[in-house]
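Architecture and fold: a report
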4 protein chains.
Amino acid sequence: MQVVVLKKDDTIIKIKNVVIGGNEVSVIAGPCSVESEEQIMIIAELVNKSGVKILRGGAFKPRSSPYSFQGLGEEGLRLLRKAADEFGLLVITEVLENSMIDLVYKYTDIFQVGARNMQNYSLLKELGSAKKPVMLKRGLSATVEDWLMSAEYILSNGNSEVFLCERGIRTFETYTRNTFDISAIPVVHKRSHLPVFADPSVATGLRDKVIPMARAAVAAGADGLMVEVHHDPEKALSDGPQALLPHQFEEMMQQIRLIASVIGRTM
Amino acid sequence: MQVVVLKKDDTIIKIKNVVIGGNEVSVIAGPCSVESEEQIMIIAELVNKSGVKILRGGAFKPRSSPYSFQGLGEEGLRLLRKAADEFGLLVITEVLENSMIDLVYKYTDIFQVGARNMQNYSLLKELGSAKKPVMLKRGLSATVEDWLMSAEYILSNGNSEVFLCERGIRTFETYTRNTFDISAIPVVHKRSHLPVFADPSVATGLRDKVIPMARAAVAAGADGLMVEVHHDPEKALSDGPQALLPHQFEEMMQQIRLIASVIGRTM
Amino acid sequence: MQVVVLKKDDTIIKIKNVVIGGNEVSVIAGPCSVESEEQIMIIAELVNKSGVKILRGGAFKPRSSPYSFQGLGEEGLRLLRKAADEFGLLVITEVLENSMIDLVYKYTDIFQVGARNMQNYSLLKELGSAKKPVMLKRGLSATVEDWLMSAEYILSNGNSEVFLCERGIRTFETYTRNTFDISAIPVVHKRSHLPVFADPSVATGLRDKVIPMARAAVAAGADGLMVEVHHDPEKALSDGPQALLPHQFEEMMQQIRLIASVIGRTM
Amino acid sequence: MQVVVLKKDDTIIKIKNVVIGGNEVSVIAGPCSVESEEQIMIIAELVNKSGVKILRGGAFKPRSSPYSFQGLGEEGLRLLRKAADEFGLLVITEVLENSMIDLVYKYTDIFQVGARNMQNYSLLKELGSAKKPVMLKRGLSATVEDWLMSAEYILSNGNSEVFLCERGIRTFETYTRNTFDISAIPVVHKRSHLPVFADPSVATGLRDKVIPMARAAVAAGADGLMVEVHHDPEKALSDGPQALLPHQFEEMMQQIRLIASVIGRTM
């Protein structure tokens, strides 16, 4: 069954052996923050076993409160790269500001721009001349239109390797941390040529909602997922309550693989 | 694969040969409004062919403007019943006010309470003593908590056959008519014992978003869908732009059947 | 200084010696619910002393939970009328459903339609043929456009004595119960000919925010305020935390009288 | 009449002869963007005549689309300073990124952090060691709590001269550009010791709503206003439709002066 209609000029990004966009569904997984060498090695190994090819992990964390854990800094980047290399994975990590681009460039394969920076135009422009792909998360209160215009800041400055990531918007409903706007996935596909991922961990903030929402996002046509996993979330230094446990992550991978195949996607 | 965990006391509603809740995924389909005998007969026939067992259609329409088409009234109810009987279908239709309960009771199998009436407590209380099941749609700006408390108005007045329907909430995003809060599906399953449906037609307001969002809702664990279908939506008297065409509806049914089976549900 | 520009056809409602709209700023005050004869007498006396001409008080309360206090019913209406007559005040009270219109009519001078009923079109239509003025509160997630169309249901059914009341909309901000959309006041004045009041008690849900927000609403051009007052809010059966204490109410009246005169309004 | 209760440790900022906070209500006015020497001189002269002591004007403009006018850059800063000096005014202007701090420092008296940068923590931290006051605008979807925590990033890095500015939040209501959350003013006063301004121009996006909303903000206890003014808004390169005309600005100043005095504030 042919479900997803590719447009002639749809953006497909190739990084080593990984394809973002097109008919492929990709999964990015890892901890919220890099916390130690042991932690990132354990998690890299487990996500690799489930077939993941891109490892996530924050080294510089933007936190609402200045008194929360802010990340390991460059040491976090180094550990993330080391773990990824050990298991043949790509790295994605967040870049928070212009002065950090060169540093992050040395360690990452994909730059992540977080929700809070979606309209940091100066950062977007500079990433337009960076020579690596960029994943642009949707802002907390950004319309799809705002989001696509922010992507345009990167594209129009020369970097065509951009993909998006829906991560929930802020509404009056507070049971989930954000409201996961899954409809934005087919909307982006209609309005643009960019691949669009979805992050059910940040969108819901609740571990037991991640699997059903991961299935829903893939069923809606997402080109990939970003998911937080932790082998010991009780001890995680940030966002433990939304991280999948290893066996749940394995279960999620099995389920979305089946859903992807139902709608004619490969994974 | 066992995905949906039924709790011991989960509500299961049986109406003739139809089961709402439990392991079953059910589809309610039909036009937004009943417009004529010919129209409702054609649509009843086509949804029946795709395996639908519950026919929808509005006879009394709540419209934002007093100058919009308000429905055929009792004649609409009569035609809806006639078409359903012709094809062995159940009927669901909206009841707008207390004084209408007896009239609607004569023609329907399931009472629908619309989003605008979700906090019409007087109506809810009276439906608590009606002897037929009630589907309670979520209000435009109701939290899941508000919604469950409204259901409690019906339950606590004696009617235990209640199920819910997520149909989108109002947010700042205006590309889709509402924001389809698919996360509410697992939230309701966690917080209550009531089955929960989802309405991708009203939630998105856009025909080409209905199929992916129907898939997403089923993938997230919805116990059923409510979908608008029309054989000639250009001429529909209300909400034509969100009605699926017959071949699209057929396609949707095939896809959600596969998704349902992936997560261990029957349909 | 002439600030408020009256349009030629602006609606002005006269009820006995009270004027709603035009150059006048009016205050409606009283308890959330009528609780006892003693309570409503005390409060009627104190609001009357501060110059209020319209007494509020709920007899039938719409509550999110079926287990909360639901009001004294007709006895509440009777006590409200008695207290108002004692001090020469008009009465405003909420009508929840069509079947209640005749009953409420006997006791009230003005029908109040609450936020949850703003799109109860059947109720609105019937109030279109009631022979008393109607105050229509804004729905929790109603745009100004929706609100004006709801008013149109009353107007187009023959009752031209309609005025509106802004009472806060639902947003992501949860510090205040709702977000008081004061901008809606000049928007309504521009888009329609109807007077518009504002309710800072319900909008904020916080006693200590009522006075500054009352001042702000009058400064923005509101034609009146609806405010909750209680002589013993600790013991109030509903919404005590948002009721002004008697001395605060007195202070509010003094302040808004000054603000009204600054913008050329009489009170 | 004593209305505003100053807490012992309320922040009061003194810059030359200007006081921010305390009993004072201050007005910041000027064009959205600096466009030419002639333009900024005309506007500086006219706001000065009305008693304004702080001149605003954007030199680097963050715009949703990369194809919109982005400001004059350093030349804009130079012209803004020149105009301010000509009329003895202070300068406030926006700083968009860390690398721009030194440049902006040379020309401004107060750094403005815009809504899109409210959670640009790296920028906030660096402004914590800048030796000039900072005005922090509220993010489009920031709760008051988020906003105060962002202020804490500046304060905890050593700069105690911080004040806030409410400028509207994003909600479902689209008649006004944003929803002006005036209640946030007393909420901030209760929750913190920082002065809070309000920007009715950006909040409403509509010229004819600026005066009533300016009055409302002052009546609610705002410590000041930021307002856009233009002598020829039809030709403005950005946001012309929300700029007050000179005679309207004059009218606004008269009205808020009266309102300020009603609530015991000086201006």
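A short tour of the structure in this document, coming up. Given the structure is predicted, the values throughout are model-derived calculations rather than measurements.

Some details on the interface of chain A and chain C
Taken together, the contacts link 4 residues of chain A with 4 residues of chain C. Each partner contributes to the roughly 300 Å² buried at the junction of chain A and chain C, and carbon and sulfur atoms together form 81% of this total. A per-residue breakdown of the area chain A buries against chain C is headed by Arg 170, Phe 172 and Thr 174 of chain A, which together make up 90% of the total. Applying the counting rule to chain A against chain C returns 0 salt bridges.

A closer look at the interface of chain A and chain B
Each partner contributes residues to the interface: chain A has 39 residues there, and chain B has 39 residues. In total, chain A and chain B occlude about 3200 Å² of area from one another, counting both sides; carbon and sulfur atoms represent 71% of this. One can count 4 salt bridges joining chain A with chain B. Here Asp 208 of chain A ties to Lys 190 of chain B by a salt bridge, and the two come within 2.9 Å at their closest N and O atoms. There are 8 residue pairs in polar contact (both at pLDDT 80 or more) connecting chain A and chain B. For the side of chain A that touches chain B, the secondary-structure elements that each account for two or more residues are helix H6 (184-191), helix H8 (207-219) and helix H9 (246-262) of chain A. With 7 residues, the top contributor of residues to the side of chain A that touches chain B is H8 of chain A.

Re the pairing of strand E6 (residues 110-113) of chain D
Residue and element names in this part refer to chain D. Burial along E6 is two-sided: the residues Ile 110 and Gln 112 and Phe 111 and Val 113 are all buried. Here strand E5 (residues 90-94) runs beside E6; their pairing, made up of 3 bridges, is parallel. Looking at the pairing, Glu 94 lines up with Gln 112 of E6. For the crossover from E5 across helix H3 (residues 101-107) to E6, the handedness is right-handed. With 3 bridges connecting them, E6 and strand E7 (residues 134-137) associate as parallel partners. Paired with Gln 112 across the bridge in E7 is Met 135. Following the backbone out of E6, through helix H4 (residues 121-127) and into the adjacent parallel E7, one traces a crossover that is right-handed.

Points about the packing of aromatic side chains
The tally for this structure, following the rule as stated, stands at 12 aromatic pairs over all chains. Ring plane angle 20° and centroid distance 4.3 Å describe the contact between Tyr 121 of chain A and Tyr 153 of chain A, whose orientation is recorded as stacked. A residue pair is termed long-range when its members are at least 10 positions apart, and Tyr 121 of chain A in helix H4 (residues 121-127) and Tyr 153 of chain A in helix H5 (residues 144-155) qualify at 32 residues. There is no split in this pair, since Tyr 121 of chain A and Tyr 153 of chain A are both buried. For the pair Phe 163 of chain B and Phe 197 of chain B, a centre-to-centre distance of 4.9 Å together with 50° between the ring planes defines the contact as tilted. Here Phe 163 of chain B is found in strand E8 (residues 162-166), whereas its partner Phe 197 of chain B is found in strand E9 (residues 196-198), with 34 residues between them in sequence. For Lys 132 of chain A, the ring lying beneath its charged end belongs to Tyr 105 of chain A, and the centroid distance is 4.1 Å.

Thoughts on the relation of the copies chain A and chain C
Here chain A sits on chain C after a turn of 180° about the axis and a move of 0.0 Å along it, with an RMSD of 0.0 Å. Look at the turn and shift together and you get a two-fold axis relating the two. Looking at the rotation axis and the C-alpha trace of chain A, the residue lying nearest is Phe 172 of chain A, at 2.1 Å. Comparing interface residues between copies, 100% of those in chain A also lie at the interface in chain C; the contact surface is shared.

Brief notes about the environment of Met 252 of chain B
Secondary-structure assignment places Met 252 of chain B in helix H9 (residues 246-262). With near-sequence residues (within four places) excluded, Met 252 of chain B lies in contact with Val 27, Ile 211, Ala 214, Leu 225, Val 227 and Leu 244 of chain B.

Examining helix H1 (residues 37-49) of chain B
All names here are of chain B. Helix length check: H1, at 13 residues, gives a terminal C-alpha distance of 18 Å against a target of 18 Å (1.5 Å per residue), a fit within 8%. Within H1 the residues assigned to the buried category are Gln 39, Ile 40, Met 41, Ile 43, Ala 44, Leu 46 and Val 47. Among the structural elements, strand E3 (26-30), strand E4 (54-56), helix H2 (74-86) and H9 are those in contact with the buried residues of H1. Just beyond H1, the residue with positive phi is Gly 51, at close to 100°.

What about the packing of helix H9 (residues 246-262) of chain C against helix H9 (residues 246-262) of chain D?
Two numbers describe how H9 of chain C lies on H9 of chain D: the axes approach to 10 Å, and their chain directions differ by 165°. As judged from the angle between their axes, H9 of chain C and H9 of chain D are roughly antiparallel. For the pair H9 of chain C and H9 of chain D, the sense of crossing is right-handed. Side by side, H9 of chain C and H9 of chain D meet where Gln 255, Leu 258, Ile 259 and Val 262 of chain C of the first sit next to Gln 255, Leu 258, Ile 259 and Val 262 of chain D of the second. Tallied by class, residues from the contact of H9 of chain C with H9 of chain D come to 6 nonpolar, 2 polar and no charged.

Regarding the side chain of Gln 242 of chain B
All names here are of chain B. By the element assignment, Gln 242 lies in the loop between strand E10 (224-228) and H9. Overall, Gln 242 belongs to the buried group, its relative accessible area being 1%. In terms of polar contacts, Gln 242 uses its side chain to reach the side chain of Arg 177, at 2.7 Å. Each residue touching Gln 242, except ones within four places of it in the same chain, is listed here: Arg 177, Ser 201, Val 202, Gly 205, Leu 206, Arg 207, Val 210 and Glu 228.

Concerning the sheet that holds E7 of chain D
Residue and element names in this part refer to chain D. Here we have 8 strands rolled up into a closed barrel, ordered E3-E4-E5-E6-E7-E8-E9-E10, and parallel in their pairing. Averaged over all neighbouring strand pairs, the angle between strand axes comes to 25°, with direction disregarded. Contacts from helix H5 (residues 144-155) reach E7, strand E8 (162-166) and strand E9 (196-198), with the element oriented near 155° to E8.

Rules behind the numbers
Residues numbered from 1 in each chain as written. Chains lettered and ligands numbered in written order. Predicted model: local features only at pLDDT ≥ 70, side-chain atom pairs only at ≥ 80, totals over all residues. Heavy atoms only, no water. Contact = heavy atoms within 4.5 Å. Buried area = accessible area lost by both parts, 1.4 Å probe. Salt bridge = Lys/Arg side-chain N within 4 Å of Asp/Glu carboxyl O. Polar contact = N/O pair within 3.5 Å; in protein donor to acceptor, adjacent residues only side chain to side chain. Helix = DSSP H or I, 4+ residues; strand = E, 2+ residues; numbered from the N terminus. Buried < 20%, exposed > 50% of the residue type's maximum accessible area, 1.4 Å probe, protein only. Pairing = 2+ DSSP bridges. Right-handed = clockwise from strand over helix to strand, strands pointing away. Phe/Tyr/Trp six-rings, centres within 6.5 Å; stacked < 30°, edge-to-face > 60°. Lys NZ or Arg CZ within 6 Å of the ring centre and 35° of its normal. Least-squares fit on C-alpha atoms with pLDDT ≥ 70 in both. Expected span 1.5 Å × (residues − 1). Axes fitted to C-alpha atoms, helices over the stretch in contact; angles between N-to-C directions. Parallel < 35°, antiparallel > 145°, perpendicular 65-115°, else oblique. Left-handed = near helix turned anticlockwise from the far one by under 90°. Nonpolar A, V, L, I, M, F, W, Y, C, P; charged D, E, K, R; others polar.

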